[in-house]
Every structure is written in C-alpha cells, then in structure tokens.
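Residues per chain, in single letters:
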Protein chains: 2
Amino acid sequence: MSKVKLGAVSTRAPENFDKKETKARLEEILNELDDLQNLLYAENKHSVLVVLQGMDASGKDGTIRSVFGRLNPQGVMVKSFKAPTAEESAHDFLWRVHLHTPAKGMIQIFNRSHYEDILVTRVHKWCDDELAYKRMKSINDFEELLQEQNNTHILKFYLHVSREEQHERLKERTKNPAKMWKYNDQDFKEARLWNDYRKAYEDCFEHCNKIPWTIVPADQNWYKEYVIAKQLYDLLKSLDMHYPGLKK
Amino acid sequence: MSKVKLGAVSTRAPENFDKKETKARLEEILNELDDLQNLLYAENKHSVLVVLQGMDASGKDGTIRSVFGRLNPQGVMVKSFKAPTAEESAHDFLWRVHLHTPAKGMIQIFNRSHYEDILVTRVHKWCDDELAYKRMKSINDFEELLQEQNNTHILKFYLHVSREEQHERLKERTKNPAKMWKYNDQDFKEARLWNDYRKAYEDCFEHCNKIPWTIVPADQNWYKEYVIAKQLYDLLKSLDMHYPGLKK
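This section reports on the structure supplied with the text. (Residues numbered from 1 in each chain as written. Chains lettered and ligands numbered in written order. Predicted model: local features only at pLDDT ≥ 70, side-chain atom pairs only at ≥ 80, totals over all residues. Heavy atoms only, no water.)

## So, the overall build of chain A
Applied cut-off: Counting from the N terminus, the helices are DSSP H or I runs at least four residues long and the strands are E runs at least two residues long. The globule rule used for comparison is 2.2 Å times the number of residues to the exponent 0.38, while the radius of gyration itself is calculated over C-alpha atoms. Exposed residues in this analysis have more than 50% of their type's maximum accessible area, buried residues have under 20%, and partly exposed residues fall in between, with area computed by a 1.4 Å probe over protein chains only. Contacts: residue pairs with any heavy atoms within 4.5 Å of one another.
Of regular secondary structure, chain A possesses 10 helices and five strands. Radius of gyration (C-alpha) of chain A: 18 Å, near the 18 Å computed for a compact globule of 248 residues. By its C-alpha atoms, chain A is 60 × 45 × 40 Å across when sized along the principal axes. Classification of the 248 residues of chain A by burial places 52% in the buried group. For chain A, restricting intrachain contacts to residue pairs at least 6 apart in sequence, the fraction spanning at least 24 positions comes to 82%.

## Focus: the relation of the copies chain A and chain B
What counts is decided by this rule: A least-squares fit on C-alpha atoms brings the copies together, and the residues used are those whose pLDDT is at least 70 in both copies.
Least-squares fitting of chain A to chain B yields an RMSD of 0.0 Å, with the transformation described by 0.0 Å of translation along the axis and a rotation of 180°. Here the two chains are linked by the operation of a two-fold rotation axis. Looking at the interface residues of chain A, 100% of them are also at the interface in chain B, so both copies use one shared face.

## Some thoughts on the interface of chain A and chain B
Here is the rule we go by: In this description, buried area is defined as the sum, over both parts, of the accessible area (probe of 1.4 Å) that is lost when the two are combined. One speaks of a salt bridge when a side-chain nitrogen belonging to Lys or Arg is within 4 Å of a carboxyl oxygen belonging to Asp or Glu. Counted as a polar contact is a pair of N or O atoms within 3.5 Å, where, for protein atoms, one must be capable of donating a hydrogen and the other of accepting one, and residues adjacent in sequence contribute only when both atoms are in side chains. Charged means Asp, Glu, Lys or Arg here, nonpolar means Ala, Val, Leu, Ile, Met, Phe, Trp, Tyr, Cys or Pro, and polar covers whatever is left, Gly included.
Taken together, the contact pairs 32 residues of chain A with 32 residues of chain B. Both faces considered, chain A and chain B share a buried interface measuring about 2800 Å² in area, 55% of it formed by carbon and sulfur atoms. Summed over the three residues of chain A that lose the most area to chain B, namely A:R65, A:Q74 and A:W181, the buried surface amounts to 27% of that side. Of the charged contacts in the structure, one is a salt bridge between B:R65 and A:D34, with a shortest N-O distance of 2.9 Å. Run the count over chain A and chain B and you get 14 residue pairs in polar contact (both at pLDDT 80 or more). Sorting the residues of the side of chain A that touches chain B by element identifies α1 (19–43), α2 (60–66), β2 (76–80) and α7 (163–175) of chain A as the ones contributing at least two each. Residue composition of the side of chain A that touches chain B, by class: 17 nonpolar, nine polar and six charged.

## Topic: the side chain of A:D203
Position of A:D203 among the secondary structure elements: in helix α9 (residues 194–207). Ignoring sequence-local partners within four residues, the contact set of A:D203 consists of A:K3, A:R122, A:Y133 and A:M136.

## A short note on α7(A)
Heads up, the condition is: What a helix is expected to span follows from its residue count: subtract one and scale by 1.5 Å.
The terminal C-alpha atoms of α7(A) lie 19 Å apart, and with 13 residues this matches the ideal 18 Å at 1.5 Å per residue to within 8%. Packed against the buried residues of α7(A) are α8 (187–191), α9 and α10 (221–238) of chain A.

## Considering the pairing of strand β1 (residues 47–54) of chain A
Residue and element names in this part refer to chain A. Which entries qualify depends on this criterion: Pairing between strands requires that DSSP locate at least two bridges from one strand to the other.
In terms of burial, β1 is largely enclosed, as eight of its eight residues are buried. Along β1, one buried face is formed by S47, L49, V51 and Q53 and the opposite face, lined by V48, V50, L52 and G54, is buried too. Pairing of β1 with strand β4 (residues 152–160), which is carried by eight bridges, proceeds in the parallel orientation. Bridge pairing in β4 places S47 opposite T152. Note that β1 and strand β3 (residues 107–111) share five bridges and pair parallel. Across the sheet, V48 pairs through a bridge with I107, a residue of β3.

## Some words on the sheet that holds β1(A)
All names here are of chain A. Definition in use: Each axis is a line fitted through C-alpha atoms, taken for helices only over the stretch in contact, and angles between the N-to-C directions span 0 to 180 degrees.
The strand order across the open sheet formed by five strands is β2-β3-β1-β4-β5, and the pairing between neighbours is parallel. Of all the strands in the sheet, the pair left with one neighbour each is β2 and β5 (213–217). Taken pair by pair, the neighbouring strands of this sheet meet at an average axis angle of 20°, ignoring direction. Sheet contacts for α10: β1, β4 and β5; angle to β4, the most-contacted strand, approximately 165°.

## Regarding the pattern of salt bridges
Residues and elements named next belong to chain A. Using the criterion set out here, one finds 38 salt bridges over all chains in the structure. Of the charged contacts, one joins K156 and E143 as a salt bridge, the two residues approaching to 2.8 Å between their closest N and O atoms. In this pair, K156 sits in strand β4 while E143 sits in helix α6 (residues 129–150), placing the two residues 13 residues apart along the sequence. Considered together, K156 and E143 belong to a single accessibility category, that of buried residues. Overlapping salt bridges, with partners in common, bring together K3, R122, D129, D203 and E206 in one network.

## A word on the environment of B:A218
All names here are of chain B. Within the fold, A218 resides in the loop between β5 (213–217) and α10 (221–238). For the pair A218 and E165, spaced 53 residues apart in sequence, the C-alpha to C-alpha distance is 9.3 Å. Not counting residues within four places of it along the chain, the set of residues in contact with A218 comprises T11, S58, L159, H160, V161, R169 and K224.

And the structure:
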C-alpha cells in the first residue's frame, strides 16, 4: 500500500448509503453468515482471523457484540490483548499471539493484536524505529505463515473514527453509570497523542499490507457493522466450501 | 442427591407448558440475559461455568448455538472436551479442565467436561470403580474450590433424551448431507451401551451433587432451551450485581 493519509479518509458512510437500507442488508448478511459459519466449521479446512484495531472508543467491543455476537459461539473465539503480563513479556512479541491463532473451522477475533507492538509501544517510545521495522517484517512473515500454510484467512480492520466522535464517546463514559467501567483515567491523556497514533498507524498500513487492511469509516455504527460483516461474508462465499460426506 | 432413576424421569416438557408461550418467554429471557451478561462482565466479580453433559445427539451443540449464541462472544467461551491428547493424558484428569475455568466476568461453556472421566471411561472399563470414586471426590473438591474461592457459579445440565429420540437423530445424521460430518461410525455402537451409560450417569448424580445437577428433558428443543436459559437467568438475577463507578 502506498502511504495512506488517514486525515484524507472520511470517517462517515459514503453519501449513497441509506441507513435503513443498509441495516436491512446487514440483517440479511448476518442470517447468511450463520449458515456459512456452520459450513466453515463442518468442512474443517479453513479458518478466519479477524484483527480489530482502532483508537480508544472506536467501537471494537461494539463490533464484537453486534456482528460476531450473531454467530455460533462454538465456532468463534475472542481474545483481547491487553498490556502484556510478566510471562508474556519474557517471550518474543508474537508468542502470546500465536497461542490464539484459529484452528481449522474456527473464527478467531483479536480485539487489539500483535499490531499494538508497533503502535502504542511506538507512540510511547518503548519501541524505536529500528525495532519497529524488524517487527513489521516479523508480522508479515507470521501472517504469511498462517495464511499460506494453514488456510487462515486474515481480515484486518482499522476502525476509523474522527477525533470529535472519540471525544464524545469518552465523555459519555465518564457520565453514563453503565459505561463508567470502560473508562480509564489515562484515556484523555492518550487521546492527546492522537497525531502520534495516526502516524504509527499510517506507517503500519504502509509496511504491513501484504495482507491488506480495510479502513472502516466508524463514526456511524450501522455502516461500520455493515462493512465488517460484508467482508466476512464475501470471504466465506469465496472459499468454495462443501459439507463433507460421511467419514470414510 | 439420593439415587436418581433416569428411566423414571420424563424426557418431555411437562403437560402445563405450552410451546408457543414458552418460546415467547424464552425470547424475553434471552433479551434480558444480554443486559445481565454485560453487567457480569462490567462488574468483574463473578463468573459462570456451564457444564453440558448428555448422550450423543442429546442436543449439546444445538444448546450452545441457540441459547449461548445470543450472548456477547467477548464474554463467552466454549471449550469442547474430546478424547485427551497425549500431552493431556500425561497429566491428572483435571489439568486440562482447569486451564479453561472462567476468569471473573466470563461465562464458560464446557461441551462435555471432567465428567467424561467417570462416564465414557467407566463404561469402557478404562477406569475401575475404585478410581472412579477417587475422581468423584476430586471433582467435588475442585468444583468447591472454584465456587467458594473464585465466585465461579457452576450450572450442571444433563440433557435427557429418550433412546428413541437419540436413534432418530443419529439416523438423520447418516442421511442429511449437512449433518453427515457430525456422524461417527462408532455412534450406533456406543448407543448400544445405553444402559451402561445410564448407570454411570446415575452414579455420578448421586456422588457429585454438592453443586446440583439439573436433569433437562431434552426431546423437545424449545423446552430444553427454555430450562437452560431460565436457570442462567435466575442465577444472574440472584447475584445482586451493580455497575462499578469510575475507577478510583
């Protein structure tokens, strides 16, 4: 991918998308995904890894609930990557990630991922440029291994919110008692590093795009959910899957 | 629990349960469970372990899809226990199970469980009576540890189908191309061991009932789903959970 300028990409749905129609289409897709997931599980040949990245309050948790919450939980696993534990830090940065790559038949969601090791770490200077470029190479090799040698199809989504929308959502967390638990008093401090995060993301899109990123306009949940569900649907449709017959 | 005779327990819904009304009530419960689960996750004090046991084709997979498939996958994990791997067999029987007990805030589903080590193993004489009773004591101690020392609330369900219903479902698997992948040519052979399985289950209910079992009439999916969802609902309602405020 040539250099993306996130500032030039809209955070809202294109003009020609009608909210009501898109929501209806999303419902259809989610219903069809139910069958496609069953087939993925039954055939047991392919797997899917969904990487969700985005600034704080960009809607990662909501996506998991609204889109992937409609699938059979026996075939979906969610792993949220937080600050590494002492044991995790004692290994290379891909160690804890590799443990959670999907087995055949499964859909694995990463809520944040190995990409944090070239994002938050870079913004805070825990990882210098030299190490960052080494890690990008390792990430590309790792993703290629999964995709080429285990039929793990990787969908990478960047949830693209505007700074104004993020601010609104963080403020909401300080006021709504049902959302306060999501608020961390570092959140507004991190939000001030907006431009540094953008730069780190742009660099990541440029150098880790062998398996391409989708930049998802995410200010409106209905459009975000549609884009993500549609990509998963298109991927599963493209796999030419069949129910296996009786075991020999 | 005094000795249960499974033959004396109906596999069908009680007369006073109307299918249409029960399905409507189930819908309501599932909608309320969505909020309760969010609260469980947010409060981060309790966890739930759901143990699903039952003969082949008693509807364990279907339960996971229909009941737990309605929850937020970020807060639900499903672990299916199959024949142990070489590594698992090199440890005590609770080792692989302990790895998957739920963290606070989570709902963990066991599709089969540590109970197989006193069921299939006993039927096939891989585990003699002496070892079986030792294991039952270990199971009781283990479940007590989880419940008393980590607020892990355990719901244990035996999906109770009739022999006729099981036979129908297994036959369907040999005929319906979308279900053939679930069929194993040992299934009818195992089904002939019906009485041995029943005996092993009855012994398990008698000796591992400190945390009680629910015997779920499971010939009709709508009733089975209702009973399980209702128990989870009643449990979560009983916990007196609250959204935590802002972190101090």
